[in-house]
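The residues making up each chain are set out below.
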Amino acid sequence: MIEIRDLVKAYDDSIVVDGVSLQIAAGGVTSIIGPNGAGKSTLLSMVSRLVAMDRGSVTVDGLDVTTTPGDVLARRLSVLRQDNHITTRLTVRDLVAFGRYPYSKGRPTVEDARHIDGALSFLDLGDLADRFLDELSGGQRQRAFVAMVLCQDTDYMLFDEPLNNLDIRHAVSMMRLLRRAARELGKTVVVVLHDINVASCFCDHIVAMKAARIAAQGTPEEIIEQTILSDIYEVPIRVHEIDGQRITTYYR
Amino acid sequence: MSRKRRTPDPAFVLAVLAVLATVAIVAFMTLGARGNWDFVLAFRGRKLLALILVAYAISVSTVLFQTVTGNRILTPSIMGFDALFALIQTVLIFVLGSAAVSALDPRPLFAFEAAVMTTFCVLLYRWLFSGATRSLHLMLLVGIVFGVFFRSFSNFLQRIIDPNEFVVLQDRLFASFNTVDTSLLGLSAGTIAIASLVGWRMRHTFDVLALGRETAINLGVDHRRTVTIILLLVAVLVSVSTALVGPVTFFGLLVANLAYMVMPTHRHAWLLPASALIAITCLVGGQVILEHVFGFATALSIIIEFVGGIVFILLILKGAAR
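Fair warning: this is a prediction, and the values are worked out from it, not measured in the lab. (Residues numbered from 1 in each chain as written. Chains lettered and ligands numbered in written order. Predicted model: local features only at pLDDT ≥ 70, side-chain atom pairs only at ≥ 80, totals over all residues. Heavy atoms only, no water.)

> How should unusual backbone geometry be read in this particular structure?
Note on backbone geometry: most residues besides glycine have negative phi, and most peptide bonds are trans. Residues and elements named next belong to chain A. In this structure, Arg 49 takes a positive phi of about 60° despite not being glycine. As for its position among the elements, Arg 49 is in the loop between α1 (40-47) and β4 (55-60). Taking the relative accessible area as the measure of exposure, Arg 49 reaches 15% and is therefore buried. (Helix = DSSP H or I, 4+ residues; strand = E, 2+ residues; numbered from the N terminus. Buried < 20%, exposed > 50% of the residue type's maximum accessible area, 1.4 Å probe, protein only.)

Have a look at this one:
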């Protein structure tokens, strides 16, 4: 379980995350939604120790993220940010192999090779394994990064807008994949999402943020609801039941 | 896109580079040697050792600096390291006078210079990373501004210094591979050996660090601590090379990028030795050409800066086209 207590982050005068307390249960796919500037990414960055918090605490299965040594935490929790720019020329396999660094510290074992092959095949990257990252399309590269995170084999996997730059087909397959990781491998997946329909159709739990605070949280049935969403996004949003899925429209 | 990937073995590439470096070294030691071999070998050996130390220090410090910054057209000199060196020299001669500075034992002077440069690096780094903004690019910008400040202040002192003193100072500030200060060789070799030992133990961490801050932290690297150690290593290595021959700007850029080009791997365990061997080949080979083709008509640093500057422009143009 990820336990967030009274988390605060401010840049100069603007408060980005304002006293957020939240518990994310182990297992399943949890999404964090909300308008731009609501503090979603900052919250995720603090949970994954990429950004230092001003106040409050975060524990992952009882491990405090600020005091636990980085390599211990790297075996429990992994994070993938939106823009991953790498200057070195790496093949897909090289990149995925880095996921084993917390375990092997640069000296890969047979066990590590097994994990690398497993992650490559889970993301259907077998044919691309020896291609260089700069020869791949945006979607393929995104998948390679997800494979690296999967190869890290942590119980908790955090993704910051993993659907950015992906077309419909790749976005859907990415979400299916994250759901599979949660169902088949028993991972706890936390994603920051912009598309509320994706959150509605793929997630087990939704956390909605607005103006640096948590506005609402619950199951998709509870959150994907006209008054709640209209209030959060400050536009009239209508919810329709289509093929057993809750779909929102907000174009009028 | 079924382009066959031609991957030469890194060990093979490294062996070729080692052979090239050996050829350059043998040529340097034996070409045009006349007279007593004991004298020739001892005399040239000292010069060779200095060239090798400088080549090693510049190449390794540049590769590490580029790994930390995630940028392949930066060199440590952008942080104002060599400008600080020039400033120290200028202030010393300005305050003490050239006669007194020349009379000083170069070893404590070297230790002093290295200490000042390392302290500068740590202060700059700590100050910028302790605040709310922990941006490497901000640190580089501040480094550039400091560099300009150091250079301007040196220039100012050089304007008002005694003209005779200025001539002595100018001589000390020009990168020269002919007038290497051989009394510093032992100390430099020792310093470099310690820095290398620290660096070699961290070689796998360098690979992870090259993925960028966020990915490195995700993979469990203590980013702040590791970057501090690397910048310290860079400061020490730059102090050694500048103290031995003076500031060389583009040489590191040249050899580091050549190493990335020829080495079919991202691993620093291969990249660092490769860049060092390329640097030795260029520096020692260049010195041979200088001595036997140009007959000392020019300075090696001028040739290096010329070639390095062209590579720099090419890299920028390539980056713009991408």
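Once the structure has been displayed, the description carries forward.
> Quick question: what am I supposed to make of the interface of chain B and chain A here?
Accessible area lost when the parts come together is the quantity often used to give the size of an interface. At the interface, 21 residues of chain B touch 32 residues of chain A. Together chain B and chain A conceal approximately 2,400 Å² of surface at their shared face, both sides included; 55% is due to carbon and sulfur atoms. Viewed at the interface, chain A and chain B are joined by one salt bridge. Here Glu 214 of chain B and Arg 81 of chain A are joined by a salt bridge, their closest N and O atoms 3.7 Å apart. Inspection of the chain B/chain A interface yields six residue pairs in polar contact (both at pLDDT 80 or more). Counting only elements with at least two residues in the side of chain B that touches chain A, the list comes to α9 (203-209) and α10 (213-218) of chain B. (Contact = heavy atoms within 4.5 Å. Buried area = accessible area lost by both parts, 1.4 Å probe. Salt bridge = Lys/Arg side-chain N within 4 Å of Asp/Glu carboxyl O. Polar contact = N/O pair within 3.5 Å; in protein donor to acceptor, adjacent residues only side chain to side chain.)

> Hey, could you run me through the UniProt feature "domain: ABC transporter" (unreviewed entry) in chain A in this one?
As recorded in UniProt, the feature "domain: ABC transporter" (unreviewed entry) lies at residues 2-236 of chain A. Note that residues 2-236 of chain A is 37% helix and 26% strand, and that its end C-alpha atoms are spaced 33 Å apart. (UniProt positions renumbered as here; feature names shortened; annotations may be inferred.)

> Can you help me understand the sheet that holds strand β5 (residues 63-64) of chain A in this one?
What holds strands together in a sheet is hydrogen bonding between their backbones, with the strands either parallel or antiparallel. Residue and element names in this part refer to chain A. In spatial order, the strands read β2-β1-β4-β5; together these four strands make up an open sheet with antiparallel pairing. The sheet is open, and its two borders are formed by β2 (14-24) and β5, each paired with just one other strand. Bridging between strand β1 (residues 2-11) and β2 involves eight bridges; their strand directions are antiparallel. Residue pairing in the sheet places Leu 7 in a bridge with Val 20 of β2. (Pairing = 2+ DSSP bridges.)

> Looking at this model, I keep getting lost on the domain arrangement of chain A. Mind explaining?
Residue and element names in this part refer to chain A. Partitioning chain A into domains gives domain 1 (1-74 + 157-163 + 185-252) and domain 2 (77-153). Domain 1 puts 19 residues into the contact, and the matching count from domain 2 is 15 residues. For the pair domain 1 and domain 2, the number of links is three salt bridges. Here domain 1 and domain 2 share eight residue pairs in polar contact (both at pLDDT 80 or more) between them. At the level of secondary structure, the elements contributing two or more residues to the side of domain 1 that touches domain 2 comprise α1, α2 (70-73) and β7 (156-160). The element best represented in the side of domain 1 that touches domain 2 is β7, accounting for four residues. For the side of domain 1 that touches domain 2, the residue count by class is eleven nonpolar, three polar and five charged. (Domains from an automatic or database assignment. Nonpolar A, V, L, I, M, F, W, Y, C, P; charged D, E, K, R; others polar.)

> Would you explain the sheet that holds strand β10 (residues 213-218) of chain A in this entry?
Residue and element names in this part refer to chain A. In spatial order, the strands read β6-β7-β8-β3-β9-β10; together these six strands make up an open sheet with mixed pairing. On the outer flanks of this sheet lie β6 (77-80) and β10, each paired with one strand and no other. Averaged over all pairs of adjacent strands, the angle between strand axes in this sheet comes to 15°, irrespective of strand direction. Bridge count for β7 against strand β8 (residues 188-192) is five bridges, and the pairing is parallel. Paired with Leu 158 across the bridge in β8 is Val 190. Running over the sheet, helix α6 (residues 138-151) touches β6 and β7 and is turned about 170° from β6. Against the sheet, helix α10 (residues 226-233) makes contact with β3 (28-33), β9 (205-210) and β10, and its axis sits at roughly 40° relative to β9, the strand it touches most. (Axes fitted to C-alpha atoms, helices over the stretch in contact; angles between N-to-C directions.)

> Can you help me understand the packing of aromatic side chains in this one?
How two aromatic rings sit relative to each other is given by the distance of their centres and the angle of their planes. The full count for this structure, using the stated rule, is seven aromatic pairs over all chains. Grouped by ring-pair contacts, the aromatic residues Phe 120, Phe 146, Phe 149, Phe 150, Phe 153 and Phe 156 of chain B constitute a single cluster. In this arrangement the basic side chain of Lys 105 of chain A is found over the ring face of Tyr 101 of chain A, its NZ or CZ atom lying 5.8 Å from the centre. One Lys or Arg, Arg 72 of chain B, reaches over the ring of Tyr 260 of chain B and ends 3.7 Å from the middle of that ring. (Phe/Tyr/Trp six-rings, centres within 6.5 Å; stacked < 30°, edge-to-face > 60°. Lys NZ or Arg CZ within 6 Å of the ring centre and 35° of its normal.)

> I tried to follow a nonpolar patch on the surface on my own but got confused; where do I start?
Residue and element names in this part refer to chain B. Residues Phe 94, Val 95, Leu 96, Leu 104, Phe 149, Phe 153, Phe 156 and Ile 160 make up a contiguous nonpolar surface patch of roughly 760 Å² in combined accessible area. Only α3 (81-96) and α6 (136-160) provide two or more residues apiece to the nonpolar patch. Ranked by residues supplied to the nonpolar patch, first place goes to α6 with four residues. In this fold, Phe 156 is placed in helix α6. (Patch = residues over 30% accessible without salt bridge, like charges linked within 9 Å, V, L, I, M, F, W, Y side chains within 5 Å. Areas by Shrake-Rupley, 256 points an atom, 1.4 Å probe, with all protein chains shown as cover.)

> What am I meant to see in the nonpolar core here?
Nonpolar side chains tend toward joint burial in soluble globular proteins. Ranked by size, the top nonpolar core spans 146 residues in total, and within it Ile 33, Leu 95, Phe 159 and Leu 193 of chain A together with Phe 81 of chain B carry the most contacts. The element that contributes the greatest number of residues to this core is helix α2 (residues 37-69) of chain B, accounting for 13 residues. Leaving out residues up to four positions away in the same chain, Phe 81 of chain B has contacts with Pro 76, Met 117, Phe 120, Cys 121, Val 234, Ala 235 and Val 238 of chain B. The next biggest cluster of nonpolar side chains, apart from the first, holds 29 residues, and it includes Ile 32, Tyr 156, Leu 158 and Met 209 of chain A. (Core = buried A, V, L, I, M, F, W, Y, C linked by side-chain atoms within 4.5 Å.)

> Looking at this structure, I do not really get the pattern of salt bridges. What am I missing?
Proximity of charged atoms lets side chains of opposite charge pair with each other. All chains considered together, the criterion is met by 22 salt bridges over all chains. Asp 61 of chain A is the partner of Arg 76 of chain A in a salt bridge, and the nearest nitrogen-oxygen pair spans 3.3 Å. With Arg 76 of chain A in the loop between α2 and β6 and Asp 61 of chain A in the loop between β4 and β5, the pair connects residues that are 15 residues apart, well separated along the chain. Residue classification places Arg 76 of chain A among the partly exposed residues on the basis of a relative accessible area of 27%. The shortest N-O distance in the salt bridge between Arg 89 of chain A and Glu 135 of chain A comes to 4.0 Å. A residue pair is termed long-range when its members are at least 10 positions apart, and Arg 89 of chain A in the loop between β6 and α3 (92-98) and Glu 135 of chain A in the loop between α5 (110-122) and α6 qualify at 46 residues. The partly exposed category is assigned to Arg 89 of chain A, whose relative accessible area is 40%. Relative accessible area serves as the criterion here: at 19%, Glu 135 of chain A is assigned to the buried category. A single network of salt bridges, built from pairs that share partners, joins Arg 81 and Asp 160 of chain A together with Arg 213 and Glu 214 of chain B.

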